[in-house]
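Breakdown of the fold
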Amino acid sequence: MQMLQDEFRVLTKSETKMSVWNYVVTACKPTSVTHSCVGNFTGPQDLNLIVAKCTRLEIHLVTPQGLQSLLDVPIYGRIAMLELFRFHGGVQDLLFIAMEKYKFCILEWDAGTGELMTREIGDVSDKVGRPTDNGQIGIIDPDCRLIGLHLHDGLFKVLPFNNRGQLEAQFNLRLREQLVLDIKFLYGCQRPTIIVLYQDSRDARHVKTYEVIITDAALVEGPWYQTNLDNGAALLIPVPPPFCGVLIIGEETVMYRSASTVKEKAVKTYVTRAYGRFDEGGSRYLLGDQNGLLRVLDIIHEDEKVTGIEIVVLGKTSIASSISYLGNDTVFVGSNLGDSQLIKLGSQPEATCSCIKLLESYVNLAPIVDFCVVDLEKQGLGQVITCSGGYKDGSLCIVRSGIGINEQASIELQGIKGIWSLRSATDDPYDTFLVVSFINETRVLAMNIDDELEESEIEGFKSDVQTLYCHDAVYDQLVQVTSNGVRLVSSITKQLRTEWSPPAGYSVNVATANRTQVLLATGGGYLVYLEIGDSILTEAKRAQLDYDIACLDINPIGDDPNNSQLAAVGLWTDNSVRIFSLPDLTLARKELLGGDIIPRSVLLCTFEGISYLLCALGDGHLLNFELNTRNGKLTNRKKVPLGIQPSTLGIFSLENATHVFTASDRPAIIYTRKNKMIYSNVHLKGVRHMCPFHSAAFPNSIVYSTEDELTIGTIDDMQTIRVRSIPLGETARRICHQEQTRTFAICCWRYNEEDREIHSIRLLDDQTFMCKSTFALDEFECGYSILSCSFSSDDCVYYCVGTAYVVPEETEPTKGRILIFAAGDGRLKLIAEKETKGTVYSLNAFNGKLLAAINHKIQLYKWELGVDGLGELQPECGHHGHVLALYLKSRGDLIVVGDVVRSMSLLIYKSEKGAIEELGRDGNGKWMTAVDFLDEDVYLGTDINYNLFSLRRSSGGKTEERGQLEVVGKYHLGEFVNQMREGSLVVRLPESELGGGASVLFGTVSGVIGLVASLPGDEYGFFERLQTQLRKVIRGVGGLTHEAWRSFCNERITSVPDRYFLDGDLIESFLNLDGTLMEQISGAMELPLEELIIKVRRLTRLH
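Please read these numbers as outputs of a predicted model, since none were measured by experiment.

All told, the structure shown has 25 aromatic pairs when counted by the stated rule. Between Trp-749 and Tyr-751, the ring centres sit 5.3 Å apart and the planes meet at 85 degrees, which makes this aromatic pair edge-to-face. Take Tyr-751: its relative accessible area is 40%, and that puts it in the partly exposed class. Three or more aromatic residues joined by ring pairs form one cluster here, namely Phe-85, Phe-87 and Phe-161. Its guanidinium or amino end placed over the ring of Phe-1022, Lys-1095 lies 4.7 Å from that ring's centre, counting from NZ or CZ.

Okay, structure coming up:
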């Protein structure tokens, strides 16, 4: 007890290190499907698919159009069992859920409120017993007399129902079989009867039946048993009436067994991972194997007598973890190794020789084995590249925060040179026309009375030439600029009112306009300024510039929304941008852009009260300047790469705020938050032109054109996470990025035709993700670690790969290698190698040297160049004292080591001694899964019990404490973390807005990408109080409590309240509460509701 008190001692007021207080939030929810079931849950006539994803529950309605999501809720526990059942006489199903931490609940649907209601809750933990190694098993008697659980070796727990459908006192029954592989209830039995598949001490497998005598709390031997099954037998499928019995699924045989019948069929070797009943009669089943093959198993019968078994391959799906038949030949295939799928089964094979048609695919990041954080566009916007999936479903997933476009309508149109939206009257709230310009013509599309776009005509417009610019004008007029001049047209009668033509021998090359002004350029460097009146175009000023004009803009940025006092002009030859005052075209500012890239588009705009000039260059870069509107002075110049091709800038409004769309090969939307300019990628490619479009049928939309299509769409939320999968067809184990060569390197492996593991290192292009080079590792050699680094004595950059020789005869590898590759010419070239005495579990770049975790030792290598110019790794120093050093992170001279048993230790490299010494270690043993730095004094770790914790270097005190790392924060994450890396998915906020602290991303087995972000102490205190208030009003599904869920626990500690970590998912759920609850919490926080919402929304910007 004293040790726990010391471990959780309260921080003193003087200990105000920001990294002590942390905010944990999910950026990507779990995507791995662990369970699924089908039934009538939300109504007697509703067919529902219910899906479990580790700590989340999804309820879908099956419709002719596909799956309709009804509910997606967090569960305060890791779901271990999920099953629908129905009492006799019931009209709809109930849902049984059991958690890994021995809690369970029975849920029903309240059709009136559309919410889950808890019918039963309970705890099935035992003070004694060894948890089963083969996973928890939960089954429900077909006649709903009891629920059976196998949680501990040698025990079968019974939860009996009474006649009213209520659970009575639970009890344990002793099972003789210790190594249980599967348990199921049999159909058609007078007493509840289970069948147990088990393995004996000689590794032989058998099945045995038992009857459960509820009244006597006894387990008696059943009517039959079967010995010496297929050595790969691992799955039981109970068969309903009229056949009853059970299917025993092995790797080489499939057996049907009942009290009177035995039928067996030999099959080609495969491992069945999931099954689903295919018909109501119980004679057909779908089987999914480890290779993703989907088979249908038919029980051949004559009347009610089973005569044989047939198995037919239907085709390939993702590797299934669950299979649910939805009727009408539609099947949901849930996967924890690949994308889950909705498929349609056909009776005849398609062109692919498969009877399977893919209807929909659901992206799955799980399991995230490794990831790296990159900023390929250099915008401060991180992209996470994950090693996801496994086996044939292995992939790289590109996860990024950006903006998606919801397509509303599209039409194929090639060769578009410009698009503009126009209104039929000055005060019309909606856009009516869409002007589309081509090289030799102009077309007009208009909204008809059915709110559909159709070809139309504006008689006053010239339709046989290319339009250079269009705009609404005052006095119910429209402006069209072509190479022949400017036309002013009535927006009501569509007739030409007046026009302006350039001097003879000149034509208009580029133009811009607003409601009262037109600015255009003709050949010879002439700049012409026109003013718009009622049926009048007045040439107010003309000036000749030094060079030809490339781009123009007069977007109003002053107090008058219809008139601009300034003009922005980009020139060709001297690559400059100039600011002119209007109406006299007096030069106010000349800014040389430098280099030989010309400006292609300029825009005057205002973000949050600050005026800017944006200038898009021909190479895809964007320059932005702060603009003084009084004198035209440009300051605070910044250059940002947005693409590699010229961009066109277009302004639009979203939620009453200014946004700028950059149409280019990599389009983006520019906006500001707290006067910080943010560049969010748009998930489109090759956008040529864009304009805003607001109509009754398409409100708050944009129109954009690509090479061959015109599309109307709406803009998603600004911080939506987007995922793109790159199929590999093999398992990727490790990944890293090398900026200098613009490549990724991955350690991967697959099975060959002889079912042997083939391991290799692949080099991928970081834009196309195409494989450029492959290096095959030796037989039995596996890649365990990889990084990109350079050495202090060498200007080159290298990939370093750590390996191990996993020889079947060895319990732990005794040999490995460190391989040094160069990738400068797009190929992996082996430069050097160093043999090691064990597995190189982790590599770290360390002050121009290489740090490696090799079995129980931390080894530092230096790079020495020989007289021949070739480099070689030479050991410099090392550190022992670890059981198995799996994880390694460094910062400066500090090293954090994660051990398989001994938690974390902190080391320091002392250059003057040429030695690595220990500064401290965590005295509480933990089986680590990942480590990282929060700062030089606070360290982050995760363990196999799904806990997240932070340690801090002791600041002094007792002598015996100085070598200890004291526990600061503890938190039950509920996720198995495989990797943690410093980084962020968003542009970090300025320090005054929570953005100055540490930011660490983590990836998990269930596909979660999460963030640990450090907060200032006062902000942490505020949100901790908010979390406490939310716990009072937000009830967990099934009566599970948030406090218990987030309490730290392991084999030694049953439950310790979380501390110094906040649950961001809970806090941000405040924004989804109804108004009454929000007001209640606002009152308890003594803060106006609007201010509280703003503070919570600020947190959402962290991810």
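Next, the rest of the story.
Another aspect to go through is the side chain of Ser-701. In this structure, Ser-701 sits in strand S59 (residues 701-705). At 3.1 Å, the side chain of Ser-701 forms a polar contact with the backbone oxygen of Phe-698. Reaching out from Ser-701, the side chain makes a polar contact with the backbone oxygen of Pro-699 at a distance of 3.1 Å. Filtering out sequence-adjacent residues up to four positions away, Ser-701 remains in contact with Pro-692, Phe-693, Ile-712, Gly-713 and Thr-714.

Below, the discussion takes up the nonpolar core. Ranked by size, the top nonpolar core spans 78 residues in total, and within it Leu-95, Leu-116 and Ile-1009 carry the most contacts. The element that contributes the greatest number of residues to this core is helix H2 (residues 1017-1033), accounting for six residues. Setting aside residues no more than four positions away along its own chain, Leu-95 makes contact with Cys-37, Phe-41, Ile-50, Leu-57, Leu-82, Glu-83, Leu-84, Cys-105, Ile-106 and Leu-107. Phe-433, Val-481, Val-489 and Val-508 belong to the second largest nonpolar core, which has 28 residues in total.

Attention now goes to the pairing of strand S36 (residues 442-447). Counting buried residues in S36 gives five out of six residues, a clear majority hidden from the surface. Where strand S35 (residues 433-437) lies against S36, five bridges are found, and the strand directions are antiparallel. In the strand pairing of S36, Val-436 is matched with Arg-443. The turn linking S35 back onto S36 is made up of four residues. Between S36 and strand S37 (residues 453-456), which pair antiparallel and follow one another directly, the connecting turn spans five residues, one of which, Asp-451, has a positive phi of 60 degrees.

At a minimum axis distance of 9 Å, the contact between helix H5 (residues 1075-1085) and helix H6 (residues 1089-1100) shows a crossing angle of 95 degrees. Classed by the angle they form, the pair H5 and H6 counts as roughly perpendicular. Residue-level contacts link Met-1078, Glu-1079, Ile-1081 and Ser-1082 of H5 to Leu-1089, Leu-1092 and Ile-1093 of H6. Of the residues contributing to the contact of H5 with H6, the split by class is five nonpolar, one polar and one charged.

Right, let's get into a negative patch on the surface. Taken together, Asp-450, Asp-451, Glu-452 and Glu-454 make up a surface patch of like negative charges. Relative to the helices and strands, Asp-450 resides in the loop between S36 and S37.

Further remarks concern empty space enclosed by the protein. Applying the stated criterion across every chain, the model contains two cavities of 30 Å³ or more. Of the volumes computed, that of the second largest cavity is approximately 40 Å³. Lining the second largest cavity, in full, are Leu-229, Asp-230, Ala-233, Ile-248, Thr-253, Met-255 and Glu-264. Partitioning the lining of the second largest cavity into residue classes produces four nonpolar, one polar and two charged.

One open sheet holds the four strands; their spatial order is S46-S47-S48-S49, and the pairing between them is antiparallel. Every interior strand has two partners, whereas the edge strands, strand S46 (549-553) and strand S49 (586-592), have only one. Between one strand axis and the next, the sheet turns through 20 degrees on average, direction left out of account. In this structure, S46 lies alongside strand S47 (residues 566-571), joined through four bridges in antiparallel fashion. Bridge pairing in S47 links Asp-553 to Ala-568.

The four strands are arranged S66-S67-S68-S69 in an open sheet whose pairing can be described as antiparallel. Of all the strands in the sheet, the pair left with one neighbour each is strand S66 (781-790) and strand S69 (829-836). Across the sheet, the axes of successive neighbouring strands diverge by a mean angle of 20 degrees, strand direction being ignored. Bridge analysis of strand S68 (residues 816-822) against S69 gives seven bridges, and the strand direction is antiparallel. Paired with Gly-816 across the two strands is Thr-836, which belongs to S69.

Once that is clear, we can look at unusual backbone geometry. With an omega dihedral of 10 degrees, the bond running from Pro-241 to Pro-242 counts as a cis peptide bond. Within the secondary structure layout, Pro-242 lies in the loop between strand S18 (235-238) and strand S19 (246-249). The phi angle at Asp-303 is positive, at roughly 55 degrees, despite the residue not being glycine. In this structure, Asp-303 sits in the loop between strand S24 (293-302) and strand S25 (305-316). The phi angle at Tyr-475 is positive, at roughly 60 degrees, despite the residue not being glycine.

A few words on the state of the cysteines. All chains considered together, the criterion is met by zero disulfides. Free cysteine: Cys-244, not disulfide-bonded; nearest cysteine sulfur from Cys-189 at 7.0 Å. Residue class for Cys-244 comes out buried when judged on its relative accessible area of 16%. Free of any disulfide, Cys-615 has its nearest cysteine sulfur in Cys-551, 5.8 Å distant. The exposure class assigned to Cys-615 is buried, which follows from its relative accessible area of 0%.

About the thresholds
Sequence positions are assigned chain by chain, starting from 1 and proceeding in written order. Under the rules for a predicted model, residues below a pLDDT of 70 receive no local features and side-chain atom pairs below 80 are neither given nor counted, while totals for whole chains, interfaces and linings still include all residues. Side-chain figures throughout are based on the complete set of non-hydrogen atoms in the structure, without hydrogens or water. Between rings of Phe, Tyr and Trp, where Trp is taken as its six-membered ring, a pair exists when centres lie within 6.5 Å; planes separated by under 30 degrees are stacked, by over 60 edge-to-face, and by other angles tilted. Exposed residues in this analysis have more than 50% of their type's maximum accessible area, buried residues have under 20%, and partly exposed residues fall in between, with area computed by a 1.4 Å probe over protein chains only. Note on criteria: charge over ring means Lys NZ or Arg CZ within 6 Å of the ring centre, with the direction from the centre no more than 35 degrees off the ring normal. Secondary structure counts use DSSP, requiring at least four H or I residues in a row for a helix and at least two E residues in a row for a strand, with both numbered from the N terminus. Side-chain atoms alone can form a polar contact between residues adjacent in sequence; in general such a contact is a pair of N or O atoms within 3.5 Å, and within protein one must be able to donate a hydrogen while the other accepts it. Should any heavy atoms of two residues lie within 4.5 Å, those residues are considered in contact. In these notes, a set of buried Ala, Val, Leu, Ile, Met, Phe, Trp, Tyr and Cys residues joined through side-chain atoms within 4.5 Å is what counts as a nonpolar core. Between any two strands, pairing holds if DSSP finds at least two bridges. Here the axes come from fitting lines to C-alpha atoms, over the contacting stretch only for helices, and the angles between their N-to-C directions go from 0 to 180 degrees. Convention used here: angles under 35 degrees read as roughly parallel, angles over 145 as roughly antiparallel, angles from 65 to 115 as roughly perpendicular, and any remaining angle as oblique. Three classes are used: nonpolar for Ala, Val, Leu, Ile, Met, Phe, Trp, Tyr, Cys and Pro, charged for Asp, Glu, Lys and Arg, and polar for all others, with Gly counted as polar. Patch definition: residues above 30% relative accessible area lacking any salt bridge, with like charges linked at up to 9 Å and the nonpolar side chains Val, Leu, Ile, Met, Phe, Trp and Tyr linked at up to 5 Å. All accessible-area figures derive from a Shrake-Rupley calculation using a 1.4 Å probe, and residue coverage is judged against the displayed protein chains alone. For this analysis, a salt bridge means a side-chain nitrogen from Lys or Arg found within 4 Å of a carboxyl oxygen belonging to Asp or Glu. Under the convention used here, Asp and Glu are negative, Lys and Arg are positive, and both His and the chain ends fall outside the count. Charge positions are represented by NZ for Lys, CZ for Arg, CG for Asp and CD for Glu. Site definitions follow a grid-based scheme: protein atoms alone, a 1 Å grid, a 1.4 Å probe that fits but cannot get out for cavities, and for pockets an open set with protein on both sides within 12 Å along at least five of seven lines, plus lining residues having an atom within 4 Å of a point. Grid points are joined across faces, edges and corners, and a volume is the space filled by probe spheres set on the points. We call a pair of cysteine sulfur atoms a disulfide when they lie within 2.5 Å.

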